[in-house]
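Fold and contact review
Read off the chains here:
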Amino acid sequence: MVNFTIDELRGIMDKANNIRNMSVIAHVDHGKSTLTDSLVAAAGIIAMANAGDARLTDTRQDEQDRCITIKSTGISLYYSIDERFKIPEKADGREFLINLIDSPGHVDFSSEVTAALRVTDGGLVVVDCVEGVCVQTETVLRQALGERIKPVMTINKLDRAFLELQLDHEEMYLNFMKAIESCNVIISTYRDELMGDVQVYPEKGTVCFSAGLHGWAFTLTKFARMYAKKFGVPEEKMMGRLWGNSFFDASTKKWSKKQVTDDGKVLKRAFVQFVLGPIQQVFNACMSDNFADLDKMCKALEIEMKSEDLELRQKQLLKRVMQKWLPAHDALLEMMVLHLPSPADSQQYRVENLYEGPLDDATATAIRKCDSSGPLCVYISKMVPTSDKGRFFAFGRVFSGTVRTGHKVRIMGPNFVHGKKDDLFCKSIQRTVIMMGRRTEAVESVPCGNTVALVGIDQFLVKSGTITELEESHPLVNMKYSVSPVVRVAVEPKSAADLPKLVEGLKRLSKSDPLVQCTIEETGEHIIAGAGELHLEICLKDLQEDFMNGAELKISDPVVSFRETVDAESDIMCLSKSPNKHNRLYVKAAPLEEGLPEDIDSGKVSHKDDMKLRARYLADTYGWDVTDARKIWSFGPDTLGPNLLVDVSKGVQYLNEIKDSMVAGFQWVTKEGVLTEENMRGIR
């Protein structure tokens, strides 16, 4: 039974301090969707018994079949926090709204992760306790810290450590320790000075231990609360003792920092004795169907078991007992509410990274204050297909102001430049809805700090964009993806009559995925570029089944595009004469300095920069000659690429007359290089 109404949800949306926007990020198959299920079940959307198997956030049929997440899915959940838990000082009441986005783990879909991270403020990093921190964990953490997102961590799949591997408890502790340390190394490597220390520590409550499939989890606060009464010490002190090198000697009733006592007795670590010990006892009792012991434990731990629960056996019984004793949602919610920032806090430090315009204008100030009565600013991060074929919801987040149904707004695409009219539309919003996994719920208006889906503006946006109401407002910065579309296939319809369908289908496909690129070559082929084979396979399946109503396609083998470059300066000066033999061109090629092509790609150095400022940057960072750096004629290919045409001539007359022809020739040759007719890169 769903334990909240849409009106309650809408009521909390106005309390900016009681909202948490978070995404679940991790390596492939570390248990993101399974863990999300416990949270969804706690809000009453699915039954507790199905939590872990339903994977509600995997909304597409192929996601359920392949058991992987492909698209990131948003869901809004309402919770009222129990009286026993502390709540943050700024919070208004005990009701909280959590906008949760479950993201994919495959490297092929890391563009979906980027889109999810942009609209959230906190990240739950899931790490498998058996495999530890993996490659993709590092990639997604790096993306998150780049967007200034505060991480909390959960070590997942504990049931495997107890049941399959049956590890020694001390060894388990060391495994957890290693995972947390590797995670903290990544965080401290990529951290942002403004955010302060965002490393995760179990004794501070920012690390959770969970088993997503069985739906139980705990943080050390849970056990500290339990033992603080028993030992008669404050909770904070107990938290410190439950992790790290602290040992309890039961015979003398004293705590010590050393594992071996003076009389040679080896002590158990507190975490092993007081946390893993009781869990292991429950596991043993359930798996061997020992009801006498189980009954004793349930009384001691104050767990109420119903008669039908006691009819379950082994794993089912274990799942039920653990869910009652250590419910996953309690631990995760407490961690999110206490340790993840609300929009009111996070937008203060995120505004610099997000807003392109001056940081003291009306829009930037409203974003910083998270002001729902200020000027509107919404960032649309991705398009979500609706049940209506070919139409999309624009999914994003309100950063300032309030977005309403029927609101007339300015829609700015990714190529919009402030003061110009390109890529700009003024339209009104037909409906505002909130995403609830597979369903959507219509609401009248959505204030800032919340995620929202808008209907009726999908035909004016390609993949992402900014929506504002004031003419003075600048757009928000475009997203940077950590992967680029390099695997390409050519598609053509089997029967020529389906060509219009294909063109229309490609338009819709490029909307539905943040990364995929659909282009038409000079030869007239339709090229689809994706991040990897899996990504392409999913895109082509969508294209055929959803966007072209099952028309058949001929698909070529995947091709990876290459780049050409030079690795040393030309040893001779090349000479070319003009057709009338009166002008001579002397040209040399040399590789660009290490790191400069990346700077050009990321937009640190671009053709829009002020000439003198750019020259100063190149001279300071890469040791260029200032006069040369001021005479960069062109960037190529497409006037944006990482190749430079530099004029180093001294005292030559009428140079400007040939500049246009030189630039055109340069653009052409950098687009189709001499070796294999691929783009060039990193040449001066």
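One can find the structure itself at the top, above this paragraph.
Residues numbered from 1 in each chain as written. Predicted model: local features only at pLDDT ≥ 70, side-chain atom pairs only at ≥ 80, totals over all residues. Heavy atoms only, no water.

Right, let's talk about the overall build of the chain for a bit. Counting secondary structure elements, the chain contains 21 helices and 30 strands. Radius of gyration (C-alpha) of the chain: 29 Å, near the 26 Å computed for a compact globule of 684 residues. Summarising its shape, the C-alpha atoms of the chain cover approximately 105 × 60 × 50 Å along the three principal directions. The buried share of the chain, taken over its 684 residues, is 53%. Within the chain, counting contacts between residues at least 6 apart in sequence, those at least 24 apart form 69% of the total. Taken as a whole, the chain presents about 31700 Å² of accessible surface, with 51% of it coming from carbon and sulfur. Distance from the positive charge centre (85 side chains) to the negative charge centre (98 side chains) of the chain: 3 Å. (Helix = DSSP H or I, 4+ residues; strand = E, 2+ residues; numbered from the N terminus. Rg over C-alpha atoms; globule rule 2.2 N^0.38 Å. Buried < 20%, exposed > 50% of the residue type's maximum accessible area, 1.4 Å probe, protein only. Contact = heavy atoms within 4.5 Å. Areas by Shrake-Rupley, 256 points an atom, 1.4 Å probe, with all protein chains shown as cover. Lys, Arg positive; Asp, Glu negative; His and termini not counted. Charge placed at Lys NZ, Arg CZ, Asp CG, Glu CD.)

Counting 78 residues, the largest nonpolar core has Leu124, Val403, Leu454, Ile457, Ile467, Ile528 and Leu543 as its most contacted members. Not counting the four nearest positions on each side in its chain, leucine 454 is found in contact with Ile380, Phe392, Phe393, Ala394, Val403, Ile429, Arg431, Thr432 and Ile467. (Core = buried A, V, L, I, M, F, W, Y, C linked by side-chain atoms within 4.5 Å.)

Below, the discussion takes up the packing of aromatic side chains. Taken as a whole and judged by the stated rule, the model has 17 aromatic pairs. Ring geometry for phenylalanine 218 against phenylalanine 223: centres 5.1 Å apart, planes inclined by 80°, an arrangement best described as edge-to-face. Overall, the relative accessible area of 1% leaves phenylalanine 218 in the buried class. By relative accessible area, which is 0% here, phenylalanine 223 ends up buried. Ring geometry for phenylalanine 223 against tryptophan 325: centres 5.9 Å apart, planes inclined by 80°, an arrangement best described as edge-to-face. With a gap of 102 residues between them, phenylalanine 223 in helix H8 (residues 220-231) and tryptophan 325 in helix H12 (residues 314-325) connect regions that are remote in the sequence. (Phe/Tyr/Trp six-rings, centres within 6.5 Å; stacked < 30°, edge-to-face > 60°.)

Inspection of the secondary structure puts histidine 27 in the loop between strand S1 (19-26) and helix H2 (32-42). Classification of histidine 27 by relative accessible area gives buried; the value is 16%. Within the local environment of histidine 27, its side chain forms a polar contact with the backbone nitrogen of glutamine 136, the two atoms lying 3.3 Å apart. In this view, histidine 27 contacts Lys32, Gly105, Glu131, Cys134, Val135, Gln136 and Thr137; residues no more than four positions away in its chain are not counted. (Polar contact = N/O pair within 3.5 Å; in protein donor to acceptor, adjacent residues only side chain to side chain.)

Note that glutamate 533 resides in helix H17 (residues 533-547). Sequence-distant contacts of glutamate 533, that is, excluding residues within four places in its chain, are made with Asp108 and Pro558.

Before going further, it helps to spend a moment on the pattern of salt bridges. Working definition: two side chains of opposite charge can pair if their charged atoms are close together. Applying the stated criterion to the full structure yields 23 salt bridges. For the salt bridge of glutamate 147 with arginine 118, the shortest nitrogen-to-oxygen distance reads 3.1 Å. Taken together, the positions of glutamate 147 in the loop between helix H5 (135-146) and strand S5 (150-156) and arginine 118 in helix H4 (residues 110-118) put the pair 29 residues apart, joining distant regions of the chain. Using a relative accessible area of 3% as the deciding quantity, one classes arginine 118 as buried. In this structure, lysine 494 and glutamate 552 form a salt bridge, with 3.3 Å as the shortest nitrogen-oxygen distance. Here the residue lysine 494 occupies a position in the loop between strand S20 (487-493) and helix H16 (499-512), and glutamate 552 occupies one in the loop between H17 and strand S23 (553-555), the gap between them amounting to 58 residues. By relative accessible area, which is 47% here, glutamate 552 ends up partly exposed. Through salt bridges with shared partners, a single network forms among Arg118, Asp121, Glu147, Arg350 and Arg397. (Salt bridge = Lys/Arg side-chain N within 4 Å of Asp/Glu carboxyl O.)

A word on H12. Taking 1.5 Å as the rise per residue, H12 with 12 residues should run 16 Å; its terminal C-alpha atoms sit 16 Å apart, in good agreement. Those residues of H12 that sit buried are Leu317, Leu318, Lys319, Val321, Met322, Gln323 and Trp325. In the core, the buried residues of H12 are packed alongside helix H6 (158-163), strand S7 (216-218), H8, helix H10 (270-287) and helix H11 (291-300). (Expected span 1.5 Å × (residues − 1).)

With that out of the way, let us pick up the packing of H2 against helix H13 (residues 328-339). The geometry of H2 relative to H13 is characterised by a closest axis approach of 9 Å and an angle of 95° between their N-to-C directions. For the element pair H2 / H13, the angle class is roughly perpendicular. Here Leu35, Ser38, Leu39 and Ala42 of H2 come into contact with H13, specifically with Ala328, His329, Leu332, Leu333 and Met336. Looking at the contact of H2 with H13, its residues break down into seven nonpolar, two polar and no charged. (Axes fitted to C-alpha atoms, helices over the stretch in contact; angles between N-to-C directions. Parallel < 35°, antiparallel > 145°, perpendicular 65-115°, else oblique. Nonpolar A, V, L, I, M, F, W, Y, C, P; charged D, E, K, R; others polar.)

This paragraph deals with the side chain of threonine 114. For threonine 114, the location among the structural elements is in helix H4. Among the residues examined, threonine 114 registers a relative accessible area of 3% and is labelled buried. At 3.0 Å, the side chain of threonine 114 and the backbone oxygen of serine 110 are in polar contact. If we ignore the near neighbours within four places in the chain, the residues touching threonine 114 are Gln143, Met479, Lys480 and Tyr481.

Turning our eyes to something else, we now look at unusual backbone geometry. We note that aspartate 29 has phi near 60°; this positive angle belongs to a residue other than glycine. Looking at the element boundaries, aspartate 29 is found in the loop between S1 and H2. At cysteine 370, a residue that is not glycine, the phi angle is positive and equals roughly 55°.

Alternating positions in strand S29 (residues 643-646) separate into two faces, Asn643 and Leu645 on one and Leu644 and Val646 on the other, with burial throughout. Bridge count for strand S28 (residues 632-636) against S29 is four bridges, and the pairing is antiparallel. Bridging from a neighbouring strand, serine 634 pairs with leucine 645 of S29. Between S28 and S29, which pair antiparallel and follow one another directly, the connecting turn spans six residues, one of which, aspartate 638, has a positive phi of 60°. (Pairing = 2+ DSSP bridges.)

What follows concerns the environment of methionine 436. Here methionine 436 shows up in strand S15 (residues 431-436). Taking the relative accessible area as the measure of exposure, methionine 436 reaches 6% and is therefore buried. For methionine 436 and proline 343, which are 93 residues apart along the polypeptide, the C-alpha to C-alpha distance reads 20 Å. Residues within four places of methionine 436 in sequence aside, it is in contact with Phe4, Ile45, Gly74, Ile75, Ser76 and Glu441.

When the terminal C-alpha atoms of H13 are compared, their 16 Å separation across 12 residues agrees well with the 16 Å that a helix rising 1.5 Å per residue should span. Where burial is concerned, most of H13 is hidden: 10 out of the 12 residues are buried.

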